[in-house]
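Residue-level structural notes
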Amino acid sequence: MIISWNTTWACHLKCKHCYRDAGEKREGELSTAEGKKLLEEIARAGFKILILSGGEPLLREDIFELTACAASLGLRPVFGTTGTTITGAVAARLKGAGAARIGISLDSAAAPLHDAFRQVPGAFDSALSGMEACRRAGLPFQIHTTVMEHNYHEFEKITDLAVRMGAAGHHVFFLVPTGRGKDIEEEALREKRYEQLLHRILRKQKEVELELKPTCAPQFMRIARQMGLEMRFTRGCLAGSAYCCILPNGVVHPCPYLPLPVGDVRERPFDRIWREAAVFQELRRDELGGKCGECKYKPVCGGCRARAFYYTGGDYMAEDPWCLYRRGVVYGHEG
């Protein structure tokens, strides 16, 4: 099981798609003591992988202490970061604290587009410097790319760059309009190009050793089955069943892109929220609406619950609107 803790709202970049609308640090973030208590509850709930993200998690002064605490509890701490503050010293401290892998955002194979999307000059070069610092420290890292219309044709180039940098993986995030992402919703890939890119990712996986993983695109599991490609993953969308997200103030959501509060760790221990929350119980029953409910690939896909929520105005159990297969279309050619 995997859990994300958005440790802070603070961030020095101004990324156009940020689902947390991060920027300035806000009042109400969990303290170090509250964070350690939360980590104990996460371990007690049976989670194994802890994603520390934000905002920019490396702006938290206690992040190394929290990382070490998580590792001591048997959790596997991994990071979602801009990578722009990772120096050799920071990489060494992260490794020493028990960080298992660092996910670094990179949205283009060249600086101009990445810097424009992150809205800070020099972000591209700083991200690559962070990767190099991780490599020198022997700290595994992977690249995270948010794909939209403006960088749709760059996917393979970014994967090739990840290979050259020595990355362990390239995870490709499909935009779900949440937070500032609502302002660029028109750039989200629609059905045909969404499906085309999933085929491109899985074809590319046959060419490279590093792991390629689509995120917020659970249909990749269906396409992998259709292509006869073995994946280590068991299901596409894990929201509420084997995954959830905790905001900086302790509010729990089913996933970072599904803004539906299901509990508050300051009011109730997280392991009880995970076990008892009504929304989680409903998601686990997997009684999906529309074509998702009838689909033979439902057990391995599940459709994106966050995308269903956004495009229906609140029905997180509805069918996923960007799936071609729901209309009986089997698409296998690049366009």
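Refer to the structure above for everything that follows.
Reading the values: rules and limits
- Residues numbered from 1 in each chain as written.
- Predicted model: local features only at pLDDT ≥ 70, side-chain atom pairs only at ≥ 80, totals over all residues.
- Heavy atoms only, no water.
- Phe/Tyr/Trp six-rings, centres within 6.5 Å; stacked < 30°, edge-to-face > 60°.
- Helix = DSSP H or I, 4+ residues; strand = E, 2+ residues; numbered from the N terminus.
- Buried < 20%, exposed > 50% of the residue type's maximum accessible area, 1.4 Å probe, protein only.
- Lys NZ or Arg CZ within 6 Å of the ring centre and 35° of its normal.
- Pairing = 2+ DSSP bridges.
- Core = buried A, V, L, I, M, F, W, Y, C linked by side-chain atoms within 4.5 Å.
- Contact = heavy atoms within 4.5 Å.
- Salt bridge = Lys/Arg side-chain N within 4 Å of Asp/Glu carboxyl O.
- 1 Å grid on protein atoms, 1.4 Å probe; cavity = no way out; pocket = protein on both sides within 12 Å on 5 of 7 lines; lining within 4 Å.
- Points joined across faces, edges and corners; volume = space filled by probe spheres on them.
- Nonpolar A, V, L, I, M, F, W, Y, C, P; charged D, E, K, R; others polar.

Let us look at the packing of aromatic side chains. Scanning all chains against the criterion turns up nine aromatic pairs. Where Tyr 310 meets Tyr 311, the ring centres are 4.7 Å apart and the plane angle is 85°; that geometry is what we call edge-to-face. The interplanar angle of 55° and the centroid separation of 5.0 Å between the aromatic rings of Tyr 311 and Trp 322 together place this pair among those described as tilted. Placement of Tyr 311 in helix H12 (residues 305-312) and of Trp 322 in the segment after H12 is noted, with a sequence separation of 11 residues between them. Take Tyr 311: its relative accessible area is 27%, and that puts it in the partly exposed class. Ring pairs connect the aromatic residues Phe 47, Phe 270, Trp 274 and Phe 280, which therefore count as one cluster. The positively charged end of Arg 193 is found above the aromatic ring belonging to Tyr 152, 3.9 Å away from the centroid. The ring of Phe 233 carries Lys 213 above its face, with NZ or CZ at 5.3 Å from the centroid.

What follows concerns the pairing of strand E8 (residues 243-246). On E8, burial covers both faces: Tyr 243 and Cys 245 on one face and Cys 244 and Ile 246 on the other are all buried. With four bridges joining them, strand E1 (residues 2-6) and E8 adopt parallel strand pairing. By the bridge assignment for E8, Ile 2 is matched with Tyr 243. As paired elements, E8 and strand E9 (residues 251-253) share two bridges and run antiparallel to each other. Across the sheet, Cys 245 pairs through a bridge with His 253, a residue of E9. Joining the antiparallel neighbours E8 and E9 is a turn of four residues, in which Gly 250 adopts a positive phi near 95°.

Within the largest apolar cluster, 95 residues are counted, with the highest numbers of intra-cluster contacts made by Ile 42, Ile 102, Phe 174 and Phe 270. The element best represented in this core is helix H5 (residues 123-137), accounting for six residues. Setting aside its immediate chain neighbours within four residues, Phe 270 contacts Ile 3, Leu 38, Glu 41, Ile 42, Ala 45, Phe 47, Cys 244, Ile 246, Val 252 and Val 265.

Now for the pattern of salt bridges. Throughout the structure, instances matching the rule amount to 21 salt bridges. The partner of Arg 136 in a salt bridge is Glu 132, and the shortest N-O contact between them spans 3.8 Å. Remark: Glu 132 and Arg 136 occur in helix H5; sequence separation between them is four residues, near one turn of the helix. For Glu 132, a relative accessible area of 25% translates into the label partly exposed.

Let us look at empty space enclosed by the protein. Per the counting criterion, the structure on display carries one cavity of 30 Å³ or more. If you add up the space inside the largest cavity, you get close to 30 Å³. Considering the residues around the largest cavity, the lining is formed by Val 147, Phe 174, Leu 175, Ala 188, Leu 189, Tyr 194, Arg 307 and Trp 322. Residue composition of the lining of the largest cavity, by class: seven nonpolar, no polar and one charged.

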